[in-house]
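Chain and residue survey
Here are the chains, one letter per residue:
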Amino acid sequence: MELNQLTIHELQEKIRSGKTTATEIVQSVFRRIDAVEKAIHAYILLTREAALAEADRADEAIRKGDIRTLTGIPVALKDLLCTRGVTTTCASRILHDFVPPYDATVVEKLRDAGAVFTGKTNMDEFAMGSSTETSWFGITRNPWDLERIPGGSSGGSAAAVAADACIAAIGSDTGGSIRQPAALCGVVGMKPTYGRVSRYGLVAFASSLDQIGPFTKDVEDCAILMNVIAGYDPRESTSVPAEVPDYRQYLARGIDGWTVGIPKEYFIEGIDPEVMTAVRKAIAVVEGLGARCIEISLPHTAYCLAVYYIVAPAEASSNLARYDGAKYGFRAPDSRGLLDMYKKSRSAGFGAEVKRRIMLGTYVLSSGYYDAYYKKASQVRALIKRDFDEAFQRCDVILTPTTPTPAFRIGEKTDDPLHMYLSDIFTISTNLAGIPGISVPCGFTQGGLPIGVQFLTGHFEEAKLIQIAATYEKNANLEKRRPTL
Ligand code: GLN
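Residues numbered from 1 in each chain as written. Predicted model: local features only at pLDDT ≥ 70, side-chain atom pairs only at ≥ 80, totals over all residues. Heavy atoms only, no water.

1. Focus on the pairing of strand β6 (residues 211–216)
What counts is decided by this rule: Categorising residues by exposure relies on relative accessible area from a 1.4 Å probe, with only protein chains included: less than 20% of the type maximum marks a residue as buried, more than 50% marks it as exposed, and the intermediate range marks it as partly exposed. Strands are runs of DSSP state E lasting at least two residues, helices are runs of H or I lasting at least four, and both sets are numbered from the N terminus onward. Strand pairing is assigned whenever DSSP detects at least two bridges linking the two strands.
Among the six residues in β6, six count as buried, and that is most of the element. Looking at chain direction, strand β4 (residues 168–173) and β6 are connected through five bridges and run antiparallel. Counterpart to Gly171 in the pairing with β6 is Gly213. Pairing analysis gives two bridges linking strand β5 (residues 188–191) to β6, with the strands arranged antiparallel. Each residue of the ladder has a partner; that of Val188, found in β6, is Thr216.

Encoded structure:
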């Protein structure tokens, strides 16, 4: 096995016992990137030189006995996390040359833990999308089938982990952008509780929904990364000073005696039959491990998509007002006066999907429509959250499919935004309620495409997700496969 194919915990062991060096690991990852990047295009930017220098420093630290959690571990960052001195584009023309003067808190924490950064991963423009097809820098392809999308918006992060073109990656999830691509690329992805991981330095899409989280090759690595990135940040006003447990302590505890809720609204017509079969099998595995599975109801599920596509664009229209050609990134040449510059810069700087969201958001916030749309949506959002609060009175964890279908073909949904929006039908409610969720691989289709199962739980109970996901992963007896690239 090559070093780039290993997990964080396997590499930690090799580094601690002196069997390998940070430099060897980083070189191995970049060899893989050189081999597959042309085919998948997971990265917008590779920071090879800096990575080799960081690896060198890591080896120096190792020699001195300063070995931290992520010393020498190559990690990829979604290109909406501010990185000091390194372009942060959000996959948009309007930020194509934006170089932040500071690091996001998450980046700082990873760096302090010893991580080596491989580069910035591709995504849908401003994280608006489910397929990584709206990037100004071109599409990313699914390592399991190059004719298919990797999911989105964090498609580059998911594809890079799946293709062993990094050891782990960071993404963001506003309506499913970590869990959906994780499911479609066959890796583990977690969206933490709103407030658990600092959003300082995360370029905002919809501020009341955005969360940062890890993409990893297994659940243990997810626990390791959560240990590093979670926690209170005084620089971020919605960051919550809740205690962060050592998530690794929950890997081997089992789920005997747990109650797992199966929401009937998530097992509906229209789900791909192979996804249904794989998720039903996952339910059987969980039952075999001593959990009791009960049917529950989340009665406002049918409204989630509608509520999300009012709240998220509303917040986006306001967040994206700052890109006007004056302060950041792209400015249209040849404009006559300030208004003309705004108009031309925004017209040429944003892509079609971002413009659609800005228009939708501006509309639902405008006077005369605010009460009918934004206010109503906010009220229904409270009911959606209440559904979950009530459900968690009856069960420890909720189990659902992560996505209704496996990875779809490139171009299949680009002309039909509503169809595209349906890709997140099972992940969006989590963000509206602010609760944490994880997607774990649960099998493959006949055609060899990965399928994911999603676990959800109450606010700040990520440890429970680690516990059930790790127990499931260990006992599911899934065939170990790698994409053939
Ligand atoms: N696909 C959803 C959207 O387009 C969610 C995106 C996300 O989680 N960033 O808004």
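2. Some thoughts on the sheet that holds β4
Selection criterion: Each axis is a line fitted through C-alpha atoms, taken for helices only over the stretch in contact, and angles between the N-to-C directions span 0 to 180 degrees. In this description, contact between two residues means that some pair of their heavy atoms is separated by no more than 4.5 Å.
If you trace the eleven strands from one edge of the open sheet to the other, you get β1-β3-β2-β4-β6-β5-β10-β11-β9-β7-β8, paired in mixed fashion. The two strands at the open ends of the sheet, each matched to only one other strand, are β1 (43–46) and β8 (292–296). On average, each strand axis in the sheet is tilted by 30 degrees relative to the strand beside it, whichever way the strands run. Where strand β9 (residues 397–401) meets strand β11 (residues 450–456), four bridges bridge the pair, whose relative direction is antiparallel. Counted as the bridge partner of Leu399 is Phe455 from β11. Sheet strands in contact with helix α2 (residues 22–40) are β1, β2 (74–78) and β3 (116–121), and its direction is about 135 degrees off that of β1. Strands in contact with helix α8 (residues 273–288) are β7 (259–263), β8, β9, β10 (437–444) and β11; relative to β11, the strand with the most contacts, it is inclined by about 50 degrees.

3. Focus on the side chain of Thr430
Examined against the element boundaries, Thr430 turns out to sit in helix α14 (residues 428–433). Look at Thr430 and you get buried, because its relative accessible area is 0%. Excluding its chain neighbours within four sequence positions, the residues that come into contact with Thr430 are Arg179, Lys191, Ile435, Pro436, Gly437, Gln454 and Leu456.

4. Some details on the site of the ligand
Under the convention used in this document: Here, proximity means that at least one heavy atom of the residue falls within 4 Å of the molecule or strand. Counting of polar contacts relies on pairs of N or O atoms within 3.5 Å, with two restrictions inside protein: one atom must be capable of donating a hydrogen and the other of accepting it, and residues adjacent in sequence are counted only when both atoms are side-chain atoms. Computed with a 1.4 Å probe, the accessible areas rest on the Shrake-Rupley method; for each residue, only the protein chains presented here act as cover. Cavities and pockets were defined on a 1 Å grid built from protein atoms only: a cavity is a group of points that admits a 1.4 Å probe but offers it no way out, a pocket is an open group of points flanked by protein on both sides within 12 Å along at least five of seven lines, and a lining residue is one with an atom within 4 Å of any such point. Molecules are considered to sit inside a cavity or pocket once more than half of their atoms lie within 2 Å of its grid points.
Around the ligand, 15 residues are found, and the nearest of them are Gly175, Ser177, Tyr308, Arg357 and Asp424. In the environment of the ligand, a nitrogen atom lies 2.8 Å from a nitrogen or oxygen atom belonging to the backbone of Ala127. Between the ligand and the protein, one listed contact pairs a nitrogen atom with a side-chain N or O atom of Ser130 at 3.0 Å. Taking 290 Å² as the accessible area of the ligand by itself, protein coverage stands at 100%. Judged by the proximity of its atoms to the pocket grid, the ligand belongs to the largest cavity.

5. Overview of the nonpolar core
Within soluble globular proteins, side chains that are nonpolar tend to cluster in buried spots. Note the cut-off: Think of a nonpolar core as a cluster: buried Ala, Val, Leu, Ile, Met, Phe, Trp, Tyr and Cys residues, connected wherever their side-chain atoms sit within 4.5 Å.
The biggest cluster of nonpolar side chains holds 159 residues, and the ones touching the most others in it are Leu70, Leu110, Phe126, Val286, Phe388 and Phe455. A total of ten residues in this core trace back to one element, the largest contributor, which is helix α9 (residues 304–319). Here Leu70 is in contact with Ile8, Leu110, Ala113, Gly114, Ala115, Ile224, Leu225 and Val228, once residues within four sequence places are set aside.

6. Comments concerning a nonpolar patch on the surface
Applied cut-off: Nonpolar side chains (Val, Leu, Ile, Met, Phe, Trp, Tyr) are joined into patches within 5 Å and like charges within 9 Å, using only residues with over 30% relative accessible area and no salt bridge. Within this document, salt bridges are pairs made up of a side-chain nitrogen of Lys or Arg and a carboxyl oxygen of Asp or Glu, the two lying within 4 Å of each other.
Among the surface-exposed residues, Tyr363, Tyr369 and Tyr373 lie close enough to one another that they form a single nonpolar patch of about 270 Å² accessible area. Its location among the elements puts Tyr373 in helix α12 (residues 371–394). Given a relative accessible area of 32%, Tyr373 falls into the partly exposed group.

7. Points about the pairing of β7
Here is the rule we go by: If you view a crossover with the strands going away from you and the path from the first strand over the helix to the second runs clockwise, you call it right-handed.
Burial runs high along β7: five of the five residues are buried. Both faces of β7 are covered, namely the face carrying Thr259, Gly261 and Pro263 and the face carrying Val260 and Ile262. Looking at chain direction, β7 and β8 are connected through five bridges and run parallel. Paired with Thr259 across the strands is Arg292, a residue of β8. With α8 bridging β7 and the parallel β8, this β-α-β connection has right-handed handedness. Bridge count between β7 and β9: two bridges; the pairing is parallel. Bridge pairing links Gly261 to Ile398 in β9.

8. Structural notes on the layout of surface pockets
Rules: Grid points are joined across faces, edges and corners, and a volume is the space filled by probe spheres set on the points. Residue type decides the class: Asp, Glu, Lys and Arg count as charged, Ala, Val, Leu, Ile, Met, Phe, Trp, Tyr, Cys and Pro as nonpolar, and the leftover types, Gly among them, as polar.
Roughly 780 Å³ of volume is contained in the largest pocket. Lining the largest pocket are 28 residues, and of these Lys217, Asp218, Glu473, Lys480 and Arg481 lie nearest its centre. Elements supplying a minimum of two residues to the lining of the largest pocket: α1 (8–16), α5 (155–162), β10 and α15 (462–475). For the lining of the largest pocket, the element with the highest residue contribution is β10, accounting for four residues. Residues belonging to the lining of the largest pocket are distributed by class as follows: twelve nonpolar, six polar and ten charged.

9. A word on the pattern of salt bridges
A full pass over the atoms with the stated rule returns 26 salt bridges. Note that Asp396 and Lys464 form a salt bridge whose closest N and O atoms lie 3.9 Å from each other. Note that Asp396 is positioned in the loop between α12 and β9 and Lys464 in helix α15, a separation of 68 residues in sequence. Residue classification places Asp396 among the partly exposed positions, given a relative accessible area of 22%. Lys464 sits in the partly exposed class, given a relative accessible area of 23%. One network of salt bridges, in which partners are shared, links Glu54, Asp103 and Arg111.

Function-wise, these values are silent; they only describe arrangement.
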